[in-house]
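# Commentary on secondary and tertiary structure
Below, each chain spelled out in residue letters.
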Amino acid sequence: MPRITRPRKPRIRVQSYGPSNSARELSRFLGIKKIKSRGSVFSPRPTDIIINWGIPSPIHSCQYLNPISAVRTAVCKLKTLRALSESGISIPEFSESKPESGRWVARLVLNGNSGQGAVVADANELPDAPLYTRYIKKDAEYRVIVVGSQAVDCKQKLKRRDFEGERLPYIWNCDNGYVMAREVHIPDYVKDIGIQAVQALGLTYGAVDIIVKDETPYVLEVNSAFGLEGTTTQLVGTAIKDLL
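Cut-offs used in this document
Residues numbered from 1 in each chain as written. Predicted model: local features only at pLDDT ≥ 70, side-chain atom pairs only at ≥ 80, totals over all residues. Heavy atoms only, no water. Helix = DSSP H or I, 4+ residues; strand = E, 2+ residues; numbered from the N terminus. Buried < 20%, exposed > 50% of the residue type's maximum accessible area, 1.4 Å probe, protein only. Contact = heavy atoms within 4.5 Å. Areas by Shrake-Rupley, 256 points an atom, 1.4 Å probe, with all protein chains shown as cover. Axes fitted to C-alpha atoms, helices over the stretch in contact; angles between N-to-C directions. Parallel < 35°, antiparallel > 145°, perpendicular 65-115°, else oblique. Nonpolar A, V, L, I, M, F, W, Y, C, P; charged D, E, K, R; others polar. Pairing = 2+ DSSP bridges.

## Concerning the overall build of the chain
In terms of regular secondary structure, the chain is built from 5 helices and 13 strands. Split into buried and exposed, the 244 residues of the chain put 45% on the buried side. Contacts in the chain between residues at least 24 apart in sequence constitute 57% of all its contacts with a sequence separation of at least 6. On the chain, roughly 13400 Å² of surface is accessible, and the fraction owed to carbon and sulfur atoms is 47%.

Quick look at the structure:
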């Protein structure tokens, strides 16, 4: 009798751009292995699926959950703003040349996060930078994590009451005395623009940073390798498991 060859079941792995606690937490929650960022001996098959945690260049010849091309756009602030603008997503005004008037944010680093390389100044005091975005004095800031077509986790940045340091007025992050609060009201239009931004970039999942001024939302960036811990790991992991 002829030998029957059964199709191999796809193997699923998590792979990150480098050492990542979030990628490790996700692999543990899903009960799958994480590919080493260095010295990996993993030999991929075309049917394998890799959950891509911020990898902008293909490492293996197999399927990536979060397409390489989309991540390549998302990791660059300038490419992200261009893509969002082309899709009609509300974003701050931006320029690649130094503005002549007004207050702007000079983006010294195009692939930074948590305010890295951001300098807020009037036009006549701006440093040379590859990107400038119009400064908007925000009323609120949110993070919307999208998986597929659903906003699976939504949080607002609020001031920590026990913070004793000096708060910088422009950057709202943990080091500057802010925390992410989940048990607050998140406007539907904030969730909607988060979903639209992820889809506009062609991502399967991403964390969208959004500011609001006078009830108008503006997308700042979309992170394809965002922080995971606790409840966020469960919400994101469950949504990715449903996709798989």
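## Some remarks on the packing of helix α3 (residues 77-86) against helix α4 (residues 188-201)
Contact geometry of α3 with α4 gives a least axis separation of 9 Å together with a crossing angle of 105°. The orientation of α3 relative to α4 falls into the category roughly perpendicular. Where α3 abuts α4, its residues Thr80, Ala83 and Leu84 lie against Ala197, Ala200 and Leu201. When its residues are assigned to classes, the contact of α3 with α4 shows 5 nonpolar, 1 polar and no charged.

## Quick notes on the sheet that holds strand β3 (residues 49-53)
With parallel pairing, 4 strands are arranged side by side in an open sheet as β2-β1-β3-β4. Two strands bound the open sheet, and with one partner strand each, they are β2 (33-35) and β4 (63-65). Pairwise comparison of adjacent strand axes, ignoring direction, gives a mean angle of 35° for this sheet. Contacts between helix α1 (residues 21-30) and the sheet are confined to β1 (12-16), β2 and β3, with β3 contributing the most and set at about 145° to the helix.

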